Amino acid sequence: MGFNLQAIKGWHGKLDLVYADRSNSTQLIYNHQQAPLKVQRPFYPEGEKVCHSVILHTAGGVVGGDRLSYNLHLQPNAQALITTAAAGKVYRSEGLQARQTIEIKIDAGACLEWLPQETILFNGAIYRQDLRVELATGANFLGWEITRFGRSARGEKFYQGEWRSHTEIWQQGVPLWIDRQWLPGNEAVFHSPHGLAGQPIVGSLVWLGSAVSTEIIAKVRNLGNTQGEAGVTSLENGFLCRYRGASTSEVRNWFTSVWQLLRVEFFSRGKCIPRVWQT
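Residues numbered from 1 in each chain as written. Predicted model: local features only at pLDDT ≥ 70, side-chain atom pairs only at ≥ 80, totals over all residues. Heavy atoms only, no water.

Caption draft 1: Spotlight on the overall build of the protein chain. Counting its secondary structure elements, the protein chain contains four helices and 17 strands. For the protein chain, the spread of C-alpha atoms along the principal axes amounts to about 55 × 45 × 40 Å. The buried share among the 279 residues of the protein chain stands at 51%. Accessible surface, the protein chain as shown: approximately 12,900 Å² in total, 49% of it carbon and sulfur. (Helix = DSSP H or I, 4+ residues; strand = E, 2+ residues; numbered from the N terminus. Buried < 20%, exposed > 50% of the residue type's maximum accessible area, 1.4 Å probe, protein only. Areas by Shrake-Rupley, 256 points an atom, 1.4 Å probe, with all protein chains shown as cover.)

Shown next, in the form of C-alpha cells:
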C-alpha cells in the first residue's frame with residue numbers, strides 16, 4: 001500500500017544565511033537552503049552598503065506538521081534588509097502544529113531590518129512561531145510581524161485553531177524584550193477586548209540596540225494616526241509599536257513610516273521600499 005511520507009511528516013524547510021562586511025559592502029557569504037525555503041540573489045537598490053534579500057516559500061503555504069527553520073548571522077558592520085516575496089499562509093490543520101523558528105545573531109556595528117510580509121492564518125490553523133535575536137553591543141535590530149486571523153475578505157473568522165508567538169531579544173546575556181502571546185481560536189476570544197476585540201489583524205514592530213529620545217517616541221506616536229488601535233511603548237535602548245485593527249495597508253503604512261523615520265535618524269538613509277512590495 002503506497003502512502004506519502006511527506007504528507008505525514010510535513011516539510012522541514014531550512015535557510016541559513018551569513019552576511020559579512022567586505023570593504024564597506026555587505027555580501028551574502030554563506031547560503032544553505034532546503035526546500036521549500038530559498039533566498040533570491042541579493043540586490044543593492046541603495047548602494048553596496050545595504051544588502052537586500054527576499055525569501056521565497058516555494059510551497060505557497062504552511063500546513064500542520066510543517067517546520068520552517070531560519071538561522072541568520074550578520075557579522076560585524078554588515079547591513080541587511082530581509083523581506084519575503086509574498087504574504088505567508090497557514091492552512092487549516094487536521095490536528096498537527098505548524099512551526100516556524102528563527103534564530104538571529106547580529107554582531108557589533110551590524111544592523112538587520114527584518115520586514116516580512118503579513119502572515120494569514122486560516123480558520124483552524126495551528127501555528128507557533130519562535131524568534132530569538134542575540135545582539136552584540138553596538139548592534140541594531142528592527143523587526144515587525146503582522147498577522148491576519150482568518151481570511152477576512154470572505155468573512156472568515158478565527159474561531160478554531162491556535163496561534164502562539166514567542167519572541168526573545170537578548171544583548172550580552174541580558175533580556176531586552178521577551179514577548180509571549182497565545183490566541184486560541186474561538187468566538188469568545190475573537191470578540192473579547194482581551195483578545196482581538198473583533199479585529200482580524202495584530203501587528204508588532206520592535207526597534208532595539210540604540211537609545212531613543214523622547215522626541216523620536218513622540219514622532220512615532222504622531223505617525224500612529226490610525227482607525228485601528230495603535231500604541232507605542234519605550235524599551236531600554238529601543239521601543240515597541242503595537243497595532244490591532246482591520247486594515248493590512250493601515251498597519252503596514254504606519255510601520256513603514258516608523259521604519260523610514262528610524263533610517264533617517266540613525267543611519268541617514270533615504271526611503272527605499274523593497275520592490276517586491278510593489279508588485
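Here the narrative resumes.
Caption draft 2: Main features of the nonpolar core. Grouped together as the largest cluster of nonpolar side chains are 45 residues, with contacts concentrated most on Ile104, Ile106, Leu112, Leu135 and Phe141. Setting aside chain neighbours within four positions, we find Phe141 in contact with Ile104, Ile106, Leu112, Trp114, Leu131, Val133, Leu135, Ile169, Val206, Trp207 and Leu208. One finds Leu115, Leu205, Val220 and Phe255 within the second-largest nonpolar core, a separate group that totals 28 residues. (Core = buried A, V, L, I, M, F, W, Y, C linked by side-chain atoms within 4.5 Å. Contact = heavy atoms within 4.5 Å.)

Caption draft 3: Structural context of the pattern of salt bridges. Enumeration according to the criterion identifies 14 salt bridges in this entry. A salt bridge links Arg148 to Glu118; its shortest N-O distance comes to 3.6 Å. Taken together, the residues span a long stretch of sequence, with Arg148 in strand β12 (residues 140–149) and Glu118 in the loop between β9 (111–115) and β10 (119–121) at a distance of 30 residues. Note on Glu118: relative accessible area 13%, which makes it buried. Residues Arg164 and Glu162 are paired through a salt bridge, measuring 3.4 Å at the closest nitrogen-oxygen approach. Among the charged side chains, a salt-bridge network with shared partners connects Glu46, Glu113, Arg263 and Arg269. (Salt bridge = Lys/Arg side-chain N within 4 Å of Asp/Glu carboxyl O.)

Caption draft 4: Just the pairing of strand β2 (residues 25–34), in detail. Here strand β1 (residues 12–22) runs beside β2; their pairing, made up of nine bridges, is antiparallel. Bridge pairing links Arg22 to Ser25 in β2. Count of turn residues in the β1/β2 antiparallel hairpin: two residues, of which Ser23 carries a positive phi of about 55°. (Pairing = 2+ DSSP bridges.)

Caption draft 5: Representation of the packing of aromatic side chains within the structure. Overall, the coordinates contain 12 aromatic pairs when judged by the stated rule. Between Tyr70 and Trp114, the aromatic rings sit 6.2 Å apart at their centres with planes inclined by 75°, giving edge-to-face as the arrangement. One end of the pair, Tyr70, is in strand β5 (residues 67–74); the other, Trp114, is in strand β9, and 44 residues separate them in sequence. Arranged with centres 5.6 Å apart and planes meeting at 35°, the rings of Trp144 and Trp277 form a pair that is tilted. Of the two residues, Trp144 sits in strand β12 while Trp277 sits in the segment after α4 (248–267), which places them 133 residues apart along the sequence. Of note, Arg269 hangs over the ring of Phe267, and the distance from its end group to the ring centre comes to 4.5 Å. Looking at Arg275, its charged tip hangs above the ring of Phe43, at a distance of 4.0 Å from the centre. (Phe/Tyr/Trp six-rings, centres within 6.5 Å; stacked < 30°, edge-to-face > 60°. Lys NZ or Arg CZ within 6 Å of the ring centre and 35° of its normal.)

Caption draft 6: View of the layout of surface pockets. Taken as a whole, the largest pocket holds about 640 Å³ of empty space. Lining the largest pocket are 40 residues; nearest its centre among them are Thr84, Gln100, Pro116, Gln117 and Thr119. In terms of residue count, β12 provides more of the lining of the largest pocket than any other element does, five residues in total. Split by residue class, the lining of the largest pocket holds 20 nonpolar, 15 polar and five charged. Estimated volume of the second largest pocket: approximately 270 Å³. Of all the secondary structure elements, the ones that give two or more residues to the lining of the second largest pocket are β12, β14 (174–184), β15 (201–208), β16 (229–235) and β17 (238–245). Looking at the lining of the second largest pocket residue by residue, the classes come out as eight nonpolar, six polar and four charged. (1 Å grid on protein atoms, 1.4 Å probe; cavity = no way out; pocket = protein on both sides within 12 Å on 5 of 7 lines; lining within 4 Å. Points joined across faces, edges and corners; volume = space filled by probe spheres on them. Nonpolar A, V, L, I, M, F, W, Y, C, P; charged D, E, K, R; others polar.)

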